[in-house]
Amino acid sequence: MSKNITPYKDSELGKKEQVAQMFDTISGNYDGLNRVISFGIDVKWRKKVLKLVADKNPETILDIATGTGDLALLMTQTNAKKIIGLDISAGMLEVGRKKIAEKKLDSKIEMVLGDSENIPYDDATFDAITVAFGVRNFETLEKGLEEILRVLKPGGIFVILETSVPVKFPFKQGYKFYSKNILPLIGKMFSKDDSAYQYLSDSASVFPFGEALNNILRKIGFIDVKALPQTFGVATIYSASKK
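Below, the structure is looked at part by part.

1. Some points on the nonpolar core
Here is step 1: By size, the foremost hydrophobic cluster in this structure holds 28 residues, and its most contacted members are I148, F158 and F222.
Here is step 2: Contributions of two or more residues to this core are made by β1 (60–64), β2 (82–87), β4 (126–132), α6 (141–151), β5 (152–163), α9 (211–220) and β7 (235–241).
Here is step 3: The element best represented in this core is α6, accounting for 5 residues.
Here is step 4: Setting aside anything within four residues of it in sequence, one finds F158 in contact with I129, V131, L145, I148, L152, L217, F222, Y238, S239 and A240.
Here is step 5: Counting 25 residues, the second largest nonpolar core, distinct from the first, contains W45, V49, I100 and I157.

Below, the structure is given as structure tokens:
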């Protein structure tokens with residue numbers, strides 16, 4: 001990443017601790033606000049991630065930066081016997097646990113407080129690993145990706161869903177205006193944390209995407225790396241595997 005963007009510019013905490021604090025603060029209204037900000041299109045993107053994973057028939061799935069568990073819940077539509085949702089925000093996990101309990105899926109999904117850069121599982125544990133809108137929050141991107149490669153089984157699938165920046169006119173200009181002006185405004189209106197949605201906008205604008213992220217994945221050691229731009233390039237789905 002070209003700049004280390006953090007949620008709270010005046011905080012003495014590291015990025016990891018700031019991100020956990022930010023998501024704890026906004027956890028209560030995060031789901032609803034996300035639907036508003038993305039016009040609900042993020043649901044469609046997640047379903048595409050589900051298809052990529054389901055096609056591999058995994059038995060074990062790890063959803064990193066699971067947040068309130070939207071993607072982990074969706075993964076119950078695969079044949080997986082065990083799904084782990086990992087996140088550094090206790091507040092987000094608590095919202096997720098309530099959603100899981102309401103759907104009576106406690107036996108299938110386990111929500112775990114943990115760090116993506118120090119994943120508490122053995123080497124080659126998971127058939128599939130997913131991260132939706134989370135890799136840009138890693139304090140050290142390469143370290144997080146190395147950990148993911150470590151706990152992924154050989155031949156397993158790794159799928160990232162992340163925001164990206166459109167490169168074609170007029171979507172590039174429209175996205176820039178929306179992310180700089182509209183997104184933080186909506187965040188301020190609905191969230192008690194003024195900095196949170198400004199951070200989400202700023203971090204998206206500097207995060208490597210497309211071939212740049214593909215190259216980082218290859219450098220870490222992933223194979224079969226592909227980038228699939230979504231909705232004029234405002235998001236990208238990346239898939240990769242392990243030797």
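Having seen the structure, we can now continue with the description.
2. Considering the pairing of β5
On any regular strand, side chains alternate: one points to one face of the sheet, the next to the other face.
Here is step 1: With 9 of 12 residues buried, β5 lies mostly within the body of the structure.
Here is step 2: As defined by bridge partners, β4 adjoins β5 across 6 bridges and the pair is classed as parallel. Across the sheet, A128 pairs through a bridge with I157, a residue of β5.
Here is step 3: Chirality of the crossover, the property in question, places the unit of β4, α6 and β5 among those that are right-handed.
Here is step 4: Both β5 and β7 contribute to a ladder of 7 bridges, which runs antiparallel. Bridging across to β7, F158 finds its partner in A240.

3. Here's the deal with α6
Here is step 1: All of the buried residues along α6 are L141, G144, L145, E147, I148, L149 and V151.
Here is step 2: Buried residues along α6 sit against β1, β4, β5 and α9.

4. Brief notes about empty space enclosed by the protein
Here is step 1: Throughout the structure, instances matching the rule amount to 1 cavity of 30 Å³ or more.
Here is step 2: Estimates place the volume of the largest cavity at around 350 Å³.
Here is step 3: Lining of the largest cavity is provided by 30 residues; of these, A65, T66, G67, D87 and G134 occupy positions nearest its centre.
Here is step 4: At the level of elements, α1 (15–26), α2 (30–37), β1, α4 (70–74) and β2 are the ones that each hand at least two residues to the lining of the largest cavity.
Here is step 5: In terms of residue count, α2 provides more of the lining of the largest cavity than any other element does, 4 residues in total.

5. Here we look at the layout of surface pockets
Here is step 1: The computed volume of the largest pocket comes to approximately 590 Å³.
Here is step 2: Of all the secondary-structure elements, those providing two or more residues to the lining of the largest pocket are α2, α3 (41–54), α7 (171–190) and α8 (194–206).
Here is step 3: Among the elements that make up the lining of the largest pocket, the one with the highest residue count is α7 (6 residues).
Here is step 4: By residue class, the composition of the lining of the largest pocket is 17 nonpolar, 9 polar and 2 charged.
Here is step 5: Lining the second largest pocket, in full, are S164, V165, P166, V167, K168, F171, F209, G210, P229, F232, G233 and T236.
Here is step 6: A class-by-class count of the residues in the lining of the second largest pocket yields 7 nonpolar, 4 polar and 1 charged.

What counts and what doesn't
Residues numbered from 1 in each chain as written. Predicted model: local features only at pLDDT ≥ 70, side-chain atom pairs only at ≥ 80, totals over all residues. Heavy atoms only, no water. Core = buried A, V, L, I, M, F, W, Y, C linked by side-chain atoms within 4.5 Å. Buried < 20%, exposed > 50% of the residue type's maximum accessible area, 1.4 Å probe, protein only. Helix = DSSP H or I, 4+ residues; strand = E, 2+ residues; numbered from the N terminus. Contact = heavy atoms within 4.5 Å. Pairing = 2+ DSSP bridges. Right-handed = clockwise from strand over helix to strand, strands pointing away. 1 Å grid on protein atoms, 1.4 Å probe; cavity = no way out; pocket = protein on both sides within 12 Å on 5 of 7 lines; lining within 4 Å. Points joined across faces, edges and corners; volume = space filled by probe spheres on them. Nonpolar A, V, L, I, M, F, W, Y, C, P; charged D, E, K, R; others polar.

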